[in-house]
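Listed below are the residues making up each chain.
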Amino acid sequence: QVQLVQSGGGLVQAGGSLRLSCQVSGRSSSAMCWVRQAPAKEREFVVSINWSGGSPDYADSMKSRFAISRDAAKNTVYLQANNLKPEDTAVYYCAARGFPIGSRRPDAYYYWGQGSQVTVSS
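Residues numbered from 1 in each chain as written. Predicted model: local features only at pLDDT ≥ 70, side-chain atom pairs only at ≥ 80, totals over all residues. Heavy atoms only, no water.

**Student:** Provide a residue-level description of the overall build of the protein chain, including the pertinent values.
**Tutor:** If you tally the helices and strands in the protein chain, you get zero helices and eleven strands. Reading the helices (α) and strands (β) of the protein chain from amino to carboxyl end gives β-β-β-β-β-β-β-β-β-β-β. Computed over its C-alpha atoms, the radius of gyration of the protein chain comes to 13 Å, within 12% of the 14 Å expected for a compact globule of 122 residues. In terms of overall dimensions, the protein chain has C-alpha extents of about 40 × 25 × 25 Å along its principal axes. Burial statistics for the protein chain: of 122 residues in total, 43% are counted as buried. Counting only contacts in the protein chain whose residues sit at least 6 apart along the sequence, the fraction spanning at least 24 positions is 56%. In the form shown here, the protein chain has an accessible surface area of approximately 6,600 Å², with 47% of it arising from carbon and sulfur atoms. Charged side chains in the protein chain number 13 positive and 8 negative. The centres of these two groups are separated by 6 Å. (Helix = DSSP H or I, 4+ residues; strand = E, 2+ residues; numbered from the N terminus. Rg over C-alpha atoms; globule rule 2.2 N^0.38 Å. Buried < 20%, exposed > 50% of the residue type's maximum accessible area, 1.4 Å probe, protein only. Contact = heavy atoms within 4.5 Å. Areas by Shrake-Rupley, 256 points an atom, 1.4 Å probe, with all protein chains shown as cover. Lys, Arg positive; Asp, Glu negative; His and termini not counted. Charge placed at Lys NZ, Arg CZ, Asp CG, Glu CD.)

See the structure below:
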């Protein structure tokens, strides 16, 4: 059984930064992703990274301000969010695909974290 436990998030002023963490437990050779969901909106892909590493795959609108990283020793994936804007306000989820190659489709991911609220004030 794979479990994802998220930490981080909170309230930040526009222009500020946050780092979200996602600790993975259980056997997994999964690609990981971050997805966000704003109120009354569909889930939105942010970034994914393959199990083997390599270059992450960012949504075009996210590449300049978001960065994914992974600490294999800690089984933890991070999302660094910089120069945050009010429109970045959303619940951010990490997810594991259960397959080594990532996807931009949120429904391709099987295991999900509990979500982290990020609120950006103007």
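Next comes the rest of the write-up.
**Student:** An account of the state of the cysteines is needed here, citing residue identities and associated values.
**Tutor:** A disulfide bridge is the covalent bond that connects two cysteines by way of their sulfur atoms. Scanning all chains against the criterion turns up one disulfide. Cys33 carries a free sulfur, and the closest cysteine sulfur to it, the one in Cys94, is 8.1 Å from it. Judged by relative accessible area, Cys33 falls into the buried class, the value being 1%. (Disulfide = S-S within 2.5 Å.)

**Student:** Give me the lowdown on the packing of aromatic side chains, citing residues and values where you can.
**Tutor:** The geometry of an aromatic ring pair is captured by the separation of the ring centres together with the interplanar angle, meaning the angle of the planes. Counted under the stated rule, the structure contains three aromatic pairs. Relative to Tyr92, the ring of Phe66 has its centre 6.4 Å away and its plane inclined at 25°; by these criteria the two rings are stacked. With a gap of 26 residues between them, Phe66 in strand E7 (residues 66–71) and Tyr92 in strand E9 (residues 90–96) connect regions that are remote in the sequence. With respect to burial, Phe66 and Tyr92 carry one shared label: buried. Ring geometry for Tyr93 versus Trp112: centroids 6.1 Å apart, planes at 80°, classification edge-to-face. Here Tyr93 is found in strand E9, whereas its partner Trp112 is found in strand E10 (residues 111–112), with 19 residues between them in sequence. Look at Trp112 and you get partly exposed, because its relative accessible area is 27%. (Phe/Tyr/Trp six-rings, centres within 6.5 Å; stacked < 30°, edge-to-face > 60°.)

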